[in-house]
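Tertiary structure, described
Residue strings, one per chain:
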Amino acid sequence: MEDDRFLKDLREEPRPEFARSLRERLRAGEEREAARGFVFRPAFAAAAAVLVVVGAFSVPAVRVSAQALLDMFRVRNFTAVPFDATRMEKLRDLEGDHSLLLFEQQEIQKPTEQKAATVAAAAALAGAPVRTPDYLPDGYVAGPIEVNGEGRGRLIPDGAKLKAVLETLGLDDVSVPPGLDGQPIEVHLWPVVTQEWNHPKGGILHLVQSRSPEVAMRSGVDLTQLGELALRILGLEAAEAKRVARTIDWQNTLVVPVPIGASTFREVTVSGNKGLMVTVERKRGESEKSGKDGERRNRPGSVVMWSEGDQVFALSGSQHGLDLIQIAESLR
Amino acid sequence: MSTESVVMSGFWGRVIPATDADWDALYADQLPRVYNFFRYRVGPGAVAEDLTSITFEKAWRARERYRRDLGAFSTWLFTIARNVAIDHYRQARRHAPLEAAAEVPGGESPEELAERRSDLDRLARLFERLEDRERELLALKYGAGLTNRAIAKHTGLTESNVGTIVHRAIRDLRAEWSSKGVE
């Protein structure tokens, strides 16, 4: 008999009822997260969806001839737009239906994904300096660093598919801007570095940084009209979408959709740079309480995003917004 | 990765995964390991189930970050499990988990059940005499099924140190276990 068999022999399988009920609880949590669709994901869950719907269209209004140079969209500013979360669910459902994808797509350069053990290693992989906070709240421990390499792609909007999306969403008073169909949109992503810190009691922090992604197209599409279309898709009423579309500098602004009733947003300043803070609030009727493990539950979360020079940053976590700003301002 | 997911995930995070990890398979694989870690660490029964639930609920919130590296998720899972165990000891009084002996998978005869209860009870009492570190290492090794190398990564000990501590703890336990004449 092996020396340690008496130890191994006393392992047990979990009770099937326990295993089933725990899995069901985890699934219920997955569904709640999907419905919320914001924060506690790396960087900008909602902003990423916007980038597809709006950002790829957020190109400068260029009324030029075929010989015109490419004009580029670069993130300098952020603006929050309230939207109905149920509309985002519908969009997600549409994304699952590949027949309703808006683009024909061509990949030119796939970004690689690599892990780095240190900031210096991450910088070497990214080919650029990586900044890291000098200040962190007590107890936070550095986790893995992920580096997504450079990537390029080309999206070709499909006017017929976009019309189908509008019909599915019931937007029969919106038209596809002329000149959009078939015009290639060039997307260039610089390496993206994501740093993570974890607290034993469950708190988490993420810092995402990169040079601004660049989106460009070469045609005479009316950008404001395109932006208005995208805002309607997000759920804004016609008059509001028209008003907001005219106030945004589409060449330099990333639109961040914020779920109505679940989040608040405000402009902030990080080290002298204008930014945006979005805070996910506790649901009505819920109160903060302590769980068995001592962790406070139903805590709000925030994300702060700002640009500095040609770099764009996003810092998200379960901390109070002012704590996030303090962390953000300590980057070195 | 498609161009669309390049746009969506390159800078703004792994929001919509290019491929879906098999979370059901991961859950099925990891649940027994976490559950048995707690059975060895704090005692079998309701407490082990409770702490297993807390661990999974905490870790599950971060699962999307690990969907392309499920091995790293396993590491993360046990990091949380260890901290949950520490919190448990801070808040709860330790007691002999005798009631756990009643929760045994069905299919055993009354005699087998009685013998199993007796063994569980004895082992639980022997485990309580171990130093906290020894108990944790044995829980990671025999409950969670981790290698000495993986245990070393979790605990910050060297692999050699882990081996030495585990060996000594087994030797002492075995001596106690065998001294009652049971093989």
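Model, not experiment: these values are computed from the prediction. (Residues numbered from 1 in each chain as written. Chains lettered and ligands numbered in written order. Predicted model: local features only at pLDDT ≥ 70, side-chain atom pairs only at ≥ 80, totals over all residues. Heavy atoms only, no water.)

Examining the overall build of chain B
- Counting secondary structure elements, chain B contains 8 helices and 0 strands.
- Buried residues in chain B amount to 55% of all 183 residues.
- For chain B, contacts bridging at least 24 residues in sequence account for 67% of all contacts bridging at least 6.
- Accessible surface, chain B as shown: approximately 7900 Å² in total, 50% of it carbon and sulfur. (Helix = DSSP H or I, 4+ residues; strand = E, 2+ residues; numbered from the N terminus. Buried < 20%, exposed > 50% of the residue type's maximum accessible area, 1.4 Å probe, protein only. Contact = heavy atoms within 4.5 Å. Areas by Shrake-Rupley, 256 points an atom, 1.4 Å probe, with all protein chains shown as cover.)

A look at the packing of helix 6 (residues 132–143) of chain B against helix 8 (residues 159–178) of chain B
Residues and elements named next belong to chain B.
- Interaxial distance between helix 6 and helix 8 falls to 9 Å at its minimum, and their mutual angle equals 95°. Judged by the inter-axis angle, helix 6 sits roughly perpendicular to helix 8. In this structure, helix 6 uses Arg133, Glu134, Leu137, Leu138, Lys141 and Tyr142 to contact helix 8, whose residues at the interface are Val162, Ile165, Val166, Arg168, Ala169, Ile170 and Leu173.
- Residues of the contact of helix 6 with helix 8, tallied by class, amount to 9 nonpolar, no polar and 4 charged. (Axes fitted to C-alpha atoms, helices over the stretch in contact; angles between N-to-C directions. Parallel < 35°, antiparallel > 145°, perpendicular 65-115°, else oblique. Nonpolar A, V, L, I, M, F, W, Y, C, P; charged D, E, K, R; others polar.)

Let's talk about the nonpolar core
- In this structure, Phe38, Phe56 and Leu138 of chain B are the most contacted members of the largest nonpolar core, which totals 55 residues.
- Among all residues touching Leu138 of chain B, those that are not within four sequence positions of it are Tyr40, Phe127, Leu130, Gly143, Val166, Ala169, Ile170 and Leu173 of chain B.
- Ranked by size, the runner-up nonpolar core spans 16 residues in total, among them Tyr140, Val304, Trp306 and Ala328 of chain A. (Core = buried A, V, L, I, M, F, W, Y, C linked by side-chain atoms within 4.5 Å.)

A closer look at the side chain of Arg33 of chain B
- Summarising the element assignment, Arg33 of chain B is placed in helix 2 (residues 23–41).
- Buried charge without a partner: Arg33 of chain B forms no salt bridge, and the closest opposite charge is Asp29 of chain B, 4.5 Å away.
- A polar contact of 3.0 Å, which involves the side chain of Arg33 of chain B, links it to the side chain of Gln30 of chain B.
- Excluding anything up to four places from it in sequence, Arg33 of chain B contacts Arg11 of chain A together with Phe78, Gly143, Ala144, Gly145 and Leu146 of chain B. (Lys, Arg positive; Asp, Glu negative; His and termini not counted. Salt bridge = Lys/Arg side-chain N within 4 Å of Asp/Glu carboxyl O. Polar contact = N/O pair within 3.5 Å; in protein donor to acceptor, adjacent residues only side chain to side chain.)

A closer look at the packing of helix 6 of chain B against helix 7 (residues 148–155) of chain B
Residues and elements named next belong to chain B.
- In contact at an axis separation of 10 Å, helix 6 and helix 7 are set at 135° when each is read in the N-to-C sense. Taken together, the axes of helix 6 and helix 7 lie oblique to each other. Of the two elements, helix 6 crosses helix 7, and the hand of that crossing is right-handed. For the pair formed by helix 6 and helix 7, the contact residues are Glu136, Leu137, Leu140 and Lys141 on the first element and Asn148, Ile151 and Thr155 on the second.
- Considering only residue class, the contact of helix 6 with helix 7 consists of 3 nonpolar, 2 polar and 2 charged. (Left-handed = near helix turned anticlockwise from the far one by under 90°.)

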